[in-house]
Amino acid sequence: MKTKRVFVVIAFLLIAITLFAAGCGSKQTSAPGNQNQGKDKLKVGFVFIGPVTDGGWNTSHNNGRLYLEKQLPYVETIFVQNVPAGSDSERVMRQLIQQGAKVIVATSFNYGDTVKKLAKEFPDVYFLHATGLEVAPNVSTYDIREYEGTYLTGMVAGKMTKTNIIGYVAANPIPCVVRAINGFAMGVKAVNPNAKVKLLWTSTWYDPAKEKEAALSLADEKADVLAQYQDSPAVQQAAQERGIYSIGYHADMRHFAPQANLTSFTWNWGPIYVQEVKAYHDGNWKGKAIWASAQEGAATIAPLNDKLVPADIKKLVEETKDKLSKGELTVFKGPIKDNKGKTIVGEGQKISDAELVKCNWLLDNIEGKL
Amino acid sequence: MYLSDKLNLGKSIKLEKRLSVPPVLYLIVPVVSVILVLLLGGLFLAVLGYNPIEVYEILLNGAFGNTYNFTETIVHAIPLMLTGLGVSLAFKMGLWNIGAEGQLYFGAFMASGVALFFHDLPTPLMLTLVLIAGFLGGALWGFVPAALKVFLGVNETLTTLLLNYVAILWVDYFIFGPWKDPKGFLPYSKVFPQSAMLPVFPGTRIHAGLVLAILAAIILWIIIWKTTWGYEIRLIGENTQVARAAGINIARNMLLVMIISGGLAGLAGMGEVCGIIGRLQHNISPGYGYTAIIIAWLSRLNPLVILLVAVIFGGLNNGGYALQMVGLPESTVTMLQGAILLFVLGGDILTQYRVKIHRRGCGA
Amino acid sequence: MEMVTLLTATLHAAIISATPILYAALGEIFAERSGVLNLGVEGIMLVGAATGFYTVVNSQSLLLGVLATVAVSLLFGLIFSFITITLRASQVVTGLVLTIFGTGLSAFLGKSMIGQASPVIFHKIPVPVLSKIPILGHVLFNHDMLVYVLYLLVPLSWFFIYRTREGLNLRAVGENPAAADALGINVFAVRYFYVCLGSIFAGLAGAYLSLAYAPSWLENMSGGRGWIAIVLVIFATWNPVRAALGALIFGGVDVLGFKFQARGIGISPYFMRMLPYLITIIVLIIITARSQMAKNLMPKALTIPYDREER
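Everything quoted here is computed from the prediction, not taken from an experiment. (Residues numbered from 1 in each chain as written. Chains lettered and ligands numbered in written order. Predicted model: local features only at pLDDT ≥ 70, side-chain atom pairs only at ≥ 80, totals over all residues. Heavy atoms only, no water.)

Some details on empty space enclosed by the protein
With the rule as written, the count across this model stands at 5 cavities of 30 Å³ or more. Estimates place the volume of the second largest cavity at around 100 Å³. Taken together, 13 residues line the second largest cavity, and the ones lying closest to its centre are Pro-84, Ser-87 and Asp-88 of chain A together with Ile-284 and Pro-286 of chain B. The set of elements that each furnish at least two residues to the lining of the second largest cavity consists of helix H3 (87-98) of chain A together with helix H11 (250-277) of chain B. (1 Å grid on protein atoms, 1.4 Å probe; cavity = no way out; pocket = protein on both sides within 12 Å on 5 of 7 lines; lining within 4 Å. Points joined across faces, edges and corners; volume = space filled by probe spheres on them. Helix = DSSP H or I, 4+ residues; strand = E, 2+ residues; numbered from the N terminus.)

Have a look at this one:
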């Protein structure tokens, strides 16, 4: 009998904590019962590598998912977050297919091996693989020409810097990140040939304290505009703390640093999802490489901060944006040299898409290494 | 007045070690713990507006509901079994090896080295080598803290914990640097040749690691309970002084046990890279080595029970994903898992101790 | 001059990144000095970060945020103490479980706060006069309140542990609980008290992250700093002053890595990050060798539950 009392004490403590937690977090309403309502709906399974609440990459894809549900009433989405690539990603995708998902959206490059394997086994399931490289009859890779957006943010940075040193905090040197940085540097160069971009790698996608450390280091190196390819808003906060400017990534990060943030690069995945899921529904889908551009409104930037950005710069950005969306402007147009002095592409030429996919060089106004 | 005199905690509840444990308690206490936490969890879910019974059903179904889910639960359980067995042997001897995570990584690292650099070997030879390399990698990572303990008396709990980080960063260095797939973009090695891949049970992802784990469990059980060496290990674990007085070579035993303990974790790492992933990459383990400690402890270091408990943990993991698919936030699942563990942990102690509650503190 | 600016900037940044680690480490020193290894630091830190942020967002008051953090981490300390001290369950296992529970709980609590900016944060308050001292002024006296509190806590903790009666009792309990008990010290009460104190410090470390360092809430935002704190305690040989120096090194490794990178000096970041762990192992070896001669370097009863009947 005495055994029970001890249990009562632990139970009491845990009840207190859990009930408190429940009270704090009980705002959401979706109940597990919901899945019964969608018997005839087209099921689309989303797999995320991190929490959909990271405020960065995963959130941007999750926004696309929500957009898809809103636009196509016949679609029901199932999503699983925090799925590591490897053993678990295969398991989760299989389970999603088992539950009747007809379209699988793998929102991380890391899922490449899993998608390749499962696509062979389930020829009737349509796979969408974000930033992937290999297309198959039932696998489409999709990406956004992010460099068109970062070109615009680069222009803002190039115009706003006084010290001609712009800091860039980035996660890991993989092609899509490098491409975004090069696009940014092209934008800087276009408006301010004297400015340098100082680049620091953090080797982590998600560690706010570390990202802030890198940002402060750049501020110490006299950078007066900080840009980022990281998930957290730590770089923005660092800039505000030092009284310098900053440019966000993934989502509009204005409210984290209203006195520092000039603008942010933002993804717009929703239209791609709607287009492809609709194609599947209508039966005219096929595996292809999708690379959405500014012309389709895919790479966008958040509204400029009117309190900080003068009207003439705003006008310039608007005009450039207009040109990009009309397809009148090419970002990577020669002559382009990398920062080791090697010519990437000569005068008047453009870089081919095949070259851009494996982007493994840094523009000559970038200080940093791959 | 000392601070310690003012507080009188701990004296009001008293634990007495049971002289003999009624066997029925081994069954009752965990069952009661789980039922309690399910009730508590149910209350919690109900407050959130979910139907608890439905949630539990999905959890169970996701873990064991059909053949596919069940085999996947086994797949997740394999590394847990091997690491769990590994740490249990060390615990049996009173060595707190909390370095299974690092041993797993180093085993995976060595196995990958073989798979990548001897890629044209015939399959049987390759598999043998990969196996040996995996074991040796883990064994080396277990040997270092054991040697430090034996020769210099350094606390093994702390060194094994520290070596976990060294092993993970070591692997990171190789996959971000020298071993990075020249054709790939992410931090991972080249794909292993098919000859280095462990055979799987047809139609599933269950690989030969399961056979290794079952064999290891049986062998460990025999060693611990049926051999003189096992008796020595148990004696050292229960009372080092007595063991020393009995003329048992403690140093040799510690080194050997940690080599085997680490080696088993190394095999788990080998199983992950050669049985499932097919290349060395960042984050090959979501903390198997730490979960293993909990598993070994809950199983009371009984090798055969460890196999079972590992399967339950595999089920908790997979059931967790199933819950996510119906819209339950992932953090709820982690919380539920943590709460279940806390209860079982607290409950477990009651099998070994009898509780006496005194209204007033009693003097020394 | 160039070197000097680099140095001051590095030190200033190192102090900031050392702060959360040091808070957690100071707490863990108290717990471990009493003979209890609390591996739940990471979990408690996350819960502290989430609680602090949640309270500040809803109440607009930093003081309330800190108080709430203290209350919740105290509760976690009590749970841990009850299971490990009263029920005598394994400290290692309980700590690991607490980390799992804390990670889940904080992520859950934090769900509604994602993407929010804190209405009030701990701002930098340059100390008048002192912050004007060349070089040192900026390095030491241009921080927020929580850093200054830490400046006081480090020497106070040292004094408490080594120069007071209570500190002596604390060390006695961690060193030889049976002997301490025989001297009339209530071993259980001492352990309860210091484990809870340690837990509160860990919670504050979390609050520093979410309210001062990167003022926002992000799942898993501690990024393993709780574990680094546990390593730091060993590195510092359970001494608060050495912990402060160690925290600067541990915190400084990343900062220095960035400074090197910015100057194009190439050292593998993985080896840089491996260094603190390797150094700690060496420190551990040295103190073990020395503690054969000198006492009080390491609590001998660490991880061993105390049982009066088994004296």
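Structure's up, so let's keep going.
What about the sheet that holds strand E15 (residues 366-367) of chain A?
Residue and element names in this part refer to chain A. Strands sit in the order E12-E10-E9-E8-E6-E7-E15 across an open sheet of 7 strands; the sheet is mixed. The strands lining the two open edges of the sheet, one partner per strand, are strand E12 (299-301) and E15. Examined bridge by bridge, strand E9 (residues 245-248) and strand E10 (residues 261-267) share 3 bridges and lie parallel to one another. Note on E10: the bridge partner recorded for Ser-246 is Asn-261. Running over the sheet, helix H6 (residues 175-191) touches strand E6 (165-170), strand E7 (196-201), strand E8 (225-229), E9 and E15 and is turned about 160° from E7. Contacting E6, E7 and E8, helix H7 (residues 208-220) runs over the sheet at an angle of about 165° to E6. (Pairing = 2+ DSSP bridges. Contact = heavy atoms within 4.5 Å. Axes fitted to C-alpha atoms, helices over the stretch in contact; angles between N-to-C directions.)

Describing the interface of chain B and chain C
For interface size, the figure often reported is the accessible area lost on association. Opposite the 56 residues of chain B that make contact, chain C presents 58 residues. Counting each side, the surface lost to burial between chain B and chain C is near 5200 Å², with a carbon and sulfur contribution of 79%. Where chain B touches chain C, the interface holds 0 salt bridges. Connecting chain B to chain C are 0 residue pairs in polar contact (both at pLDDT 80 or more). The set of elements that each furnish at least two residues to the side of chain B that touches chain C consists of helix H1 (3-6), strand E1 (13-17), helix H2 (23-48), helix H6 (123-152), helix H7 (156-176), helix H12 (288-298) and helix H14 (330-352) of chain B. With 13 residues, H7 of chain B is the largest single contributor of residues to the side of chain B that touches chain C. (Buried area = accessible area lost by both parts, 1.4 Å probe. Salt bridge = Lys/Arg side-chain N within 4 Å of Asp/Glu carboxyl O. Polar contact = N/O pair within 3.5 Å; in protein donor to acceptor, adjacent residues only side chain to side chain.)

Considerations on the pairing of strand E3 (residues 103-106) of chain A
All names here are of chain A. Of the two faces of E3, the one lined by Val-103 and Val-105 and the one lined by Ile-104 and Ala-106 are each fully buried. For strand E1 (residues 42-47) and E3, the ladder comprises 4 bridges, and the chain directions are parallel. Bridging from a neighbouring strand, Val-44 pairs with Val-103 of E3. Viewed along the sheet, the connection from E3 through helix H4 (residues 112-121) into strand E4 (residues 126-130) turns out right-handed. (Buried < 20%, exposed > 50% of the residue type's maximum accessible area, 1.4 Å probe, protein only. Right-handed = clockwise from strand over helix to strand, strands pointing away.)

Digging into the interface of chain C and chain A
Taken together, the 43 residues of chain C in the interface contact 41 residues of chain A. Summed over both partners, the interface of chain C with chain A buries about 3700 Å², with 63% contributed by carbon and sulfur atoms. Counting the contacts that link chain C with chain A gives 3 salt bridges. A salt bridge links Glu-241 of chain A to Lys-124 of chain C; the nearest nitrogen and oxygen atoms lie 3.2 Å apart. Residue assignment for the side of chain C that touches chain A shows that the elements contributing at least two residues are helix H1 (2-33), helix H3 (62-86), helix H4 (91-110), helix H9 (187-213), helix H11 (240-262) and helix H12 (269-291) of chain C. Counting residues per element, the side of chain C that touches chain A draws most heavily on H11 of chain C, at 7 residues. Tallied by class, the residues present in the side of chain C that touches chain A amount to 25 nonpolar, 11 polar and 7 charged. (Nonpolar A, V, L, I, M, F, W, Y, C, P; charged D, E, K, R; others polar.)

Observations regarding the packing of helix H5 (residues 100-117) of chain B against H11 of chain B
All names here are of chain B. Taken N-terminus to C-terminus, the directions of H5 and H11 make an angle of 60°; their axes are 6 Å apart at the nearest point. In terms of axis orientation, H5 runs oblique to H11. Judged by the twist between their axes, the crossing of H5 over H11 is right-handed. Only Met-258, Ser-261, Gly-262, Ala-265, Gly-266, Ala-268, Gly-269, Met-270, Val-273 and Cys-274 of H11 make contact with H5, whose side of the interface consists of Ala-100, Gln-103, Leu-104, Gly-107, Ala-108, Ala-111 and Ser-112. When the residues that make up the contact of H5 with H11 are grouped by side-chain class, the tally is 10 nonpolar, 7 polar and no charged. (Parallel < 35°, antiparallel > 145°, perpendicular 65-115°, else oblique. Left-handed = near helix turned anticlockwise from the far one by under 90°.)

Structural notes on the pairing of strand E2 (residues 75-80) of chain A
For a regular strand, side chains alternate in direction, first toward one face of the sheet and then toward the other. All names here are of chain A. Counted residue by residue, E2 has 5 buried out of 6 residues, so it is predominantly covered. Of the pairings in the sheet, the one linking E1 to E2 comprises 6 bridges and is parallel in character. For Phe-46, the partnering residue across the bridge sits in E2 and is Phe-79. In this fold, the crossover linking E1 to E2 by way of helix H2 (residues 57-71) has right-handed handedness.

Here we look at the packing of aromatic side chains
Counted by the stated rule, this structure contains 47 aromatic pairs over all chains. For the ring pair Tyr-142 of chain A and Tyr-273 of chain A, a centre distance of 5.5 Å and an interplane angle of 75° mean the geometry is edge-to-face. Linking Tyr-142 of chain A in strand E5 (residues 139-144) with Tyr-273 of chain A in helix H9 (residues 270-282), this pair joins segments that are 131 residues apart in sequence. What makes Tyr-142 of chain A buried here is its relative accessible area of 1%. An angle of 50° between the planes, with centres 6.0 Å apart, marks the rings of Phe-64 of chain B and Phe-70 of chain B as tilted. Over the ring of Tyr-188 of chain B we find Arg-279 of chain B; its NZ or CZ atom is 3.8 Å from the centre of that ring. (Phe/Tyr/Trp six-rings, centres within 6.5 Å; stacked < 30°, edge-to-face > 60°. Lys NZ or Arg CZ within 6 Å of the ring centre and 35° of its normal.)

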